[in-house]
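Chains, contacts and geometry: an overview
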Amino acid sequence: MKRNQAIVFLVVIAMALCAAGLRGEGKFSGLAFGDYYYVLGHHDATIEKANGFWLRRVYFTYDNTLNDRFAMRFRLEMNGPGDFKTSTTLVPFVKDAYLTAKLGRHTLLLGLIGTPLYDTLDEFWGYRPMEKTPVDLFKFGNSREFGVGLKGPIDAKGKLTYTVVAGNGAGLKSETNRGKAVYGRLNFQPRPSLFLELYADYTDTGVDSSVNILQAFAGTKGDWGRAGLNFGWRHAETAGAGSNLKFVSLFGVYKLNRKLELVGRFDRLLDPNPAGSKIDYIPMADNAKANVVLAGLGWSLNDSVKVIPSLKYVFYDAPAGGVKPDADLYAYLTLYFKF
């Protein structure tokens, strides 16, 4: 562990020392967010009444425009364990490491790159420090991929854009099987106030097993704020047996004034999530359909610092067999900053 941390530290120092020798357009940036949390109630008695401080995520990023055609990004990430049980230090790992090349109006990406599953939805939602988007929260798929990607406009005005990625299908980890993954996304913004997205992917996860995801999103925004409707479907096949996981989500962000926003979201999980108990920071029952209610205030102290008090409430349907899980209630006070 210490050896890995030393290697990462040396890489960062080497990047800083050589930055002056590059074109001069390189820059370091980053962000961090963490919380004081209190679990007011929970279906898992070992988690109920848990409280404390944690740092949920840290990014440290270096970008450089190498010349008029090529650019690069290197990003480190650190996360807290988020399972209410593990006590450990934050360990950095490589989140992004890729080269981009301009091909006319299009961009080619090579290396450890982002998949098109999360990024535009994260940006439109705008409150990732408060909570992940549903497709991320419910652990549908990978946000990163070792592979190659291509993105750009389809029409002359750039209102219709595409992103395609092909890679190993192992996320941040190295390849361990012969299967591969393909990802595709279409974004359509006919006017500034309306945004539409369609997404699909397919991953061969091994012998007689595969996963494919479909997602649709529609959002609108204006001086008043923004709102969005999201649907996701994940189908997994293993040795001829299939399983489905579906959700529908609705959110709204209303601007109370220049620095204060009212945030609300409702996620309806239409199937029990077998990975529910492994969800970081907000573990859920894995034997029942879940309903997630988020409510908070976004207070911008300036362009780089935001405070977000929020409540997160999860209640469950009665499972097909067994006892209905008790509801979960969390209180969070989140601090977010970037540089």
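Here the structure is a predicted model, which is why all the values come from computation and not from measurement.

Further remarks concern the overall build of the protein. Each helix and strand counted, the protein has three helices and 16 strands in total. Computed over its C-alpha atoms, the radius of gyration of the protein comes to 21 Å, within 12% of the 20 Å expected for a compact globule of 339 residues. Long-range pairs, those at least 24 residues apart, make up 55% of the contacts in the protein with a sequence separation of at least 6. If you sum the accessible surface of the protein, you get close to 17,200 Å²; carbon and sulfur atoms cover 61% of it. Averaging the positions of the 41 positive and the 32 negative side-chain charges in the protein gives two centres separated by 5 Å.

For soluble globular proteins, nonpolar side chains are generally found buried alongside one another. Ranked by internal contacts, the top residues of the largest apolar core, which has 48 residues, are Tyr127, Phe138, Phe140, Ile282, Met284, Val314 and Tyr316. It is strand 12 (residues 241-255) that provides the largest number of residues to this core, a total of four residues. Excluding anything up to four places from it in sequence, valine 314 contacts Ile282, Met284, Ala290, Asn291, Val292, Ala327 and Asp328.

This part takes up the side chain of threonine 115. When you line up the elements, threonine 115 lands in the loop between strand 5 (106-114) and helix 2 (119-125). Discounting chain neighbours no more than four positions away, the residues touching threonine 115 are Asn142, Ser143, Arg144, Glu145 and Tyr183.

Next up on the list: the packing of aromatic side chains. Evaluated as defined, the whole model comprises 20 aromatic pairs. An angle of 80° between the planes, with centres 5.5 Å apart, marks the rings of tyrosine 37 and phenylalanine 84 as edge-to-face. Residue tyrosine 37 is found in strand 1 (residues 27-41), and its partner phenylalanine 84 is found in the loop between strand 3 (70-79) and strand 4 (93-103); the two are separated by 47 residues along the sequence. Here the guanidinium or amino end of arginine 56 rests over the ring plane of tyrosine 281, the centre of that ring lying 5.7 Å away.

Here nine bridges tie strand 2 (residues 51-65) to strand 3, and the two strands are oriented antiparallel to one another. Following the sheet pairing, threonine 65 is matched in strand 3 by alanine 71. Adjacent in sequence and paired antiparallel, strand 2 and strand 3 are bridged by four residues.

This brings us to the confidence of the model for the protein. The predicted coordinates ought not to be read in detail in places where the model reports low pLDDT. In the predicted model, the protein carries a mean pLDDT of 92, and the fraction of residues at 70 or more is 93%. Ignoring residues within four places in sequence, the model shows residues 1-21, a span with pLDDT below 50, making 15 contacts including any to other chains.

Let us look at the side chain of asparagine 230. Here asparagine 230 is to be found in strand 11 (residues 225-238). For asparagine 230, a relative accessible area of 5% puts it in the buried group. In this structure the side chain of asparagine 230 is engaged in a polar contact, spanning 3.4 Å, whose partner is the side chain of glutamine 215. From its side chain, asparagine 230 meets the backbone oxygen of alanine 216 in a polar contact 2.9 Å long. Excluding its chain neighbours within four sequence positions, the residues that come into contact with asparagine 230 are Leu121, Pro134, Gln215, Ala216, Phe217, Phe247, Val248 and Ser249.

Enumeration over the complete set of coordinates arrives at twelve salt bridges. Linking glutamate 77 and arginine 57 is a salt bridge whose minimum nitrogen-to-oxygen distance equals 3.2 Å. Of this pair, glutamate 77 sits in strand 3 while arginine 57 sits in strand 2, placing them 20 residues apart in sequence. Both residues of the pair, glutamate 77 and arginine 57, count as buried. Here aspartate 271 ties to lysine 246 by a salt bridge, and the two come within 2.9 Å at their closest N and O atoms. Highlighted residues: aspartate 271 in the loop between strand 13 (260-269) and strand 14 (290-300) and lysine 246 in strand 12, separated in sequence by 25 residues.

A word on unusual backbone geometry. Backbone geometry places phenylalanine 84, a non-glycine residue, at a positive phi of 65°. A positive phi angle, close to 60°, is found at lysine 139, a residue other than glycine. With respect to the element layout, lysine 139 can be found in the loop between helix 3 (134-137) and strand 6 (144-153). On the basis of relative accessible area, lysine 139 is assigned to the partly exposed category, the value being 35%.

Along the chain, lysine 278 falls in the loop between strand 13 and strand 14. Residue classification places lysine 278 among the exposed residues on the basis of a relative accessible area of 61%. Distance from lysine 278 to lysine 139, taken between C-alpha atoms, is 9.0 Å for residues 139 residues apart in sequence.

The rules behind the values
- Residues numbered from 1 in each chain as written.
- Predicted model: local features only at pLDDT ≥ 70, side-chain atom pairs only at ≥ 80, totals over all residues.
- Heavy atoms only, no water.
- Helix = DSSP H or I, 4+ residues; strand = E, 2+ residues; numbered from the N terminus.
- Rg over C-alpha atoms; globule rule 2.2 N^0.38 Å.
- Contact = heavy atoms within 4.5 Å.
- Areas by Shrake-Rupley, 256 points an atom, 1.4 Å probe, with all protein chains shown as cover.
- Lys, Arg positive; Asp, Glu negative; His and termini not counted.
- Charge placed at Lys NZ, Arg CZ, Asp CG, Glu CD.
- Core = buried A, V, L, I, M, F, W, Y, C linked by side-chain atoms within 4.5 Å.
- Buried < 20%, exposed > 50% of the residue type's maximum accessible area, 1.4 Å probe, protein only.
- Phe/Tyr/Trp six-rings, centres within 6.5 Å; stacked < 30°, edge-to-face > 60°.
- Lys NZ or Arg CZ within 6 Å of the ring centre and 35° of its normal.
- Pairing = 2+ DSSP bridges.
- pLDDT = per-residue confidence, 0-100.
- Polar contact = N/O pair within 3.5 Å; in protein donor to acceptor, adjacent residues only side chain to side chain.
- Salt bridge = Lys/Arg side-chain N within 4 Å of Asp/Glu carboxyl O.

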